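Each chain, written out:
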Amino acid sequence: SRGGLEPACADIFRLGKPDGGAEELTLFTHQLQALTLASAGQSYVVTTGTGSGKSLTFFLPIVNHVLKHKQSGASRRTTAIVIYPMNALANSQRAELEKFLHGYAADQKPFTVKPYTGQEDATYRKDVADNPPDILLTNFMMLELLLTRFDENDRRVIDNCAGLHFLVLDELHTYRGRQGADVALLVRRLKQRVQSPRLVCIGTSATLAGGGTWEEQ
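(A) Layout of the pattern of salt bridges. Enumeration according to the criterion identifies 14 salt bridges in this entry. Note that aspartate 127 is salt-bridged to lysine 114, the shortest N-O span being 3.1 Å. Within this pair, whereas aspartate 127 is found in helix 5 (residues 122-130), its partner lysine 114 is found in strand 3 (residues 113-115), the two being separated by 13 residues in sequence. Looking at lysine 114, the relative accessible area reads 14%, which means it is buried. When the shortest N-O distance is used, the salt bridge between aspartate 130 and lysine 126 registers 2.7 Å. Of the two residues, aspartate 130 and lysine 126 are both situated in helix 5; the distance of four residues between them amounts to about one turn of the helix. In this structure lysine 126 comes out as partly exposed when scored by relative accessible area, which is 43%. Among the ionic contacts, a cluster of salt bridges with common partners joins Glu152, Arg155, Asp159 and Arg193.

What counts, and at which threshold
Residues numbered from 1 in each chain as written. Predicted model: local features only at pLDDT ≥ 70, side-chain atom pairs only at ≥ 80, totals over all residues. Heavy atoms only, no water. Salt bridge = Lys/Arg side-chain N within 4 Å of Asp/Glu carboxyl O. Helix = DSSP H or I, 4+ residues; strand = E, 2+ residues; numbered from the N terminus. Buried < 20%, exposed > 50% of the residue type's maximum accessible area, 1.4 Å probe, protein only.

As structure tokens, this is what we get:
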């Protein structure tokens, strides 16, 4: 395995999955480094250009951890929360992840992912509360509501995150100034609520790795 990558995880993310012609999963250096850090329980920030596999630097470690967690027979819960600055990004990411789940029966999917952004109706929110996904996609305003409003479904969704292992802030550069301070406090409250002192926090940004001078970046 590469950096502690489970063979089953490599199978999920290989090219051409699932109907034949698949190629072996080859990791870029930054993806391998991210996987190694995550496996060691260390937080990290990824700055790399658009189209260089930025999302895999956190989804690979997350799914890898989910697979190991399920092998241990532990109870079902949400392992990772991924925060996006816009709902459109969360919905797009869900569609990308579900491509890797194509061909699996509904009850045999190696991992589950669901958005919870405030756009969903009560029936959907109850389903998320009843069936916690391995990966929850949201935005920082919705996460704030999950922690503060007294809605039964919201309370159960956050309760299902007890012992949360990963927290990802995609497009990290968008959280600056007063909003950045708000998000920093939100992360602290989340860690306290889900009782996760060893939470692995991951930040990603393509902008920080863009061209131009250091000051421009």
